[in-house]
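Overview (structure and organization)
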Amino acid sequence: MQIFVDTADIEEIKEAKKWGIVDGVTTNPSLIKKAVEKLKSRGTEISMEEYIKEICKSVDGPVSLEVKGITAEEMIREAETLHKKFNGVNNNVVIKIPVNTAMQEEDEIFEGIKAVKQLESKGIPTNVTLVMNPTQALLAAKAGASYVSPFLGRIDDYIRDNLGIEHGKWDVFDGALLRKVEEGMRNADGDDGERYKKMASISFSDDGIYDGIEFVESIVKIYRAYNFKTKIIAASVRNVLQVRKVAEMGVDIATIPFKVIKEMINHPKTIEGMKKFTQDVVEEYRAIFEE
Ligand code: G3P
């Protein structure tokens, strides 16, 4: 599994690069905004173009940069601009295109899909973003996208919010447990059974998907069934459990926030073990390392 760092913070990118495990970078307008705010708060003066060039230079792998337009025409123009301005730096620019640029629920807009099809045919690689269900991922693959980014953390948020389950941004969510709770309630007698019947109109899942992990699993299944070449980037990753699960299912790439990459290396028993091994180094053993 490749690891991309999900940040536009150049310090984080450079630090993660030093660890030798970073294969690419994904940015979006919100991550760029956060990075710009950090720079401003420090009084650092740098032009946006120079800053993005610096990001492209700092990693020898794909760097996703997002368009801001709504129509296919705008997005294609912006993608060409981004590609022209930044791909020359390190030949690694990938253009992020939202799967659907609608601003309200009743709109079904295929502008993103149209843009992807055209950009790929011009040799500009795309990463279809804001993917929130498997059928959007199917459409992205049909359009020939190089990458697709299912936002698993946001699906966990969506299901929990719909059910009124309080949660923090980084909290683990277990869809398998939710499924058991639902089944238990459905089959229960007495108050729980009655409550379930009253709630029968409530969907515990998002169109049959119980959490972000299941969501990515479904895309993996669809892509394998038809041998689509589009690479899956597990995105909106919030915790190490999600990293483990997407790795187990053989996802191509996970784009992971800097904070979560750091959590991957941690375990209290590793620390305990380190302390003990360090204490237990006997003089005879230490002598081996002396020049
Ligand atoms: O890769 C997409 C990502 O940046 C969105 O993450 O945590 O804002 O849902 P998040």
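The following paragraphs examine the structure supplied in this document. (Residues numbered from 1 in each chain as written. Predicted model: local features only at pLDDT ≥ 70, side-chain atom pairs only at ≥ 80, totals over all residues. Heavy atoms only, no water.)

The next thing to look at is the pairing of strand E5 (residues 126-131). Burial within E5 is extensive, with five of its six residues counted as buried. Inspection of the sheet shows strand E4 (residues 93-98) paired to E5 by four bridges, in the parallel sense. Within E5, the residue paired with Pro98 across the bridge is Thr129. What joins E4 to E5 is helix H5 (residues 111-121), and the crossover it makes is right-handed. In this fold, E5 hands off to helix H6 (residues 134-142), which returns the chain to strand E6 (residues 147-150); that crossover is right-handed. (Buried < 20%, exposed > 50% of the residue type's maximum accessible area, 1.4 Å probe, protein only. Helix = DSSP H or I, 4+ residues; strand = E, 2+ residues; numbered from the N terminus. Pairing = 2+ DSSP bridges. Right-handed = clockwise from strand over helix to strand, strands pointing away.)

In strand E3 (residues 63-66), alternate side chains face the same way, and those of Val63 and Leu65 on one face and Ser64 and Glu66 on the other are all buried. Bridging between strand E2 (residues 24-26) and E3 involves two bridges; their strand directions are parallel. Bridge pairing in E3 links Thr26 to Ser64. Taking the sense of rotation as the criterion, the β-α-β connection linking E3, helix H4 (residues 72-90) and E4 turns out right-handed.

Per the stated rule, a full pass over the model turns up 18 salt bridges. Taking the shortest distance from any N to any O, the salt bridge between Glu283 and Arg286 comes out at 3.5 Å. With Glu283 and Arg286 both in helix H14 (residues 283-288), this residue pair falls three residues apart, about one helical turn. For Arg286, a relative accessible area of 40% translates into the label partly exposed. (Salt bridge = Lys/Arg side-chain N within 4 Å of Asp/Glu carboxyl O.)

The next subject is the packing of aromatic side chains. Tallied over the entire structure, the rule returns four aromatic pairs. When the centroid spacing of 5.4 Å and the interplanar angle of 15° are considered together, the rings of Trp19 and Phe258 count as stacked. Highlighted residues: Trp19 in the loop between helix H1 (10-18) and E2 and Phe258 in helix H12 (residues 258-264), separated in sequence by 239 residues. Since its relative accessible area comes to 36%, Trp19 is described here as partly exposed. When the centroid spacing of 6.0 Å and the interplanar angle of 45° are considered together, the rings of Tyr226 and Phe228 count as tilted. (Phe/Tyr/Trp six-rings, centres within 6.5 Å; stacked < 30°, edge-to-face > 60°.)

So, on to the site of the ligand. Near the ligand the following residues occur: Asp6, Asn28, Leu31, Phe151, Arg154, Lys169, Ala235, Ser236, Arg238 and Thr255. Interatomic distance of 3.1 Å between a side-chain N/O atom of Asn28 and an oxygen atom of the ligand. Ser236 places a side-chain nitrogen or oxygen 2.7 Å from an oxygen atom of the ligand. Within the shell around the ligand, the residues separate by chemical class into three nonpolar, three polar and four charged. (Near = heavy atom within 4 Å. Polar contact = N/O pair within 3.5 Å; in protein donor to acceptor, adjacent residues only side chain to side chain. Nonpolar A, V, L, I, M, F, W, Y, C, P; charged D, E, K, R; others polar.)

A separate point is H5. Turning to H5, its buried residues number three or more, namely Glu111, Gly112, Ile113, Ala115, Val116 and Leu119. Contacts from the buried residues of H5 go to H4, E4, E5 and H6. Phi for Gly123, located one or two positions after H5, is positive at around 85°. (Contact = heavy atoms within 4.5 Å.)

Moving on, we get to the side chain of Glu78. Considering the arrangement of structural elements, one finds Glu78 in helix H4. Residues in contact with Glu78, not counting those within four places in the same chain, are Val67, Lys68 and Gly69.

Coordinates in, geometry out; function isn't part of it.
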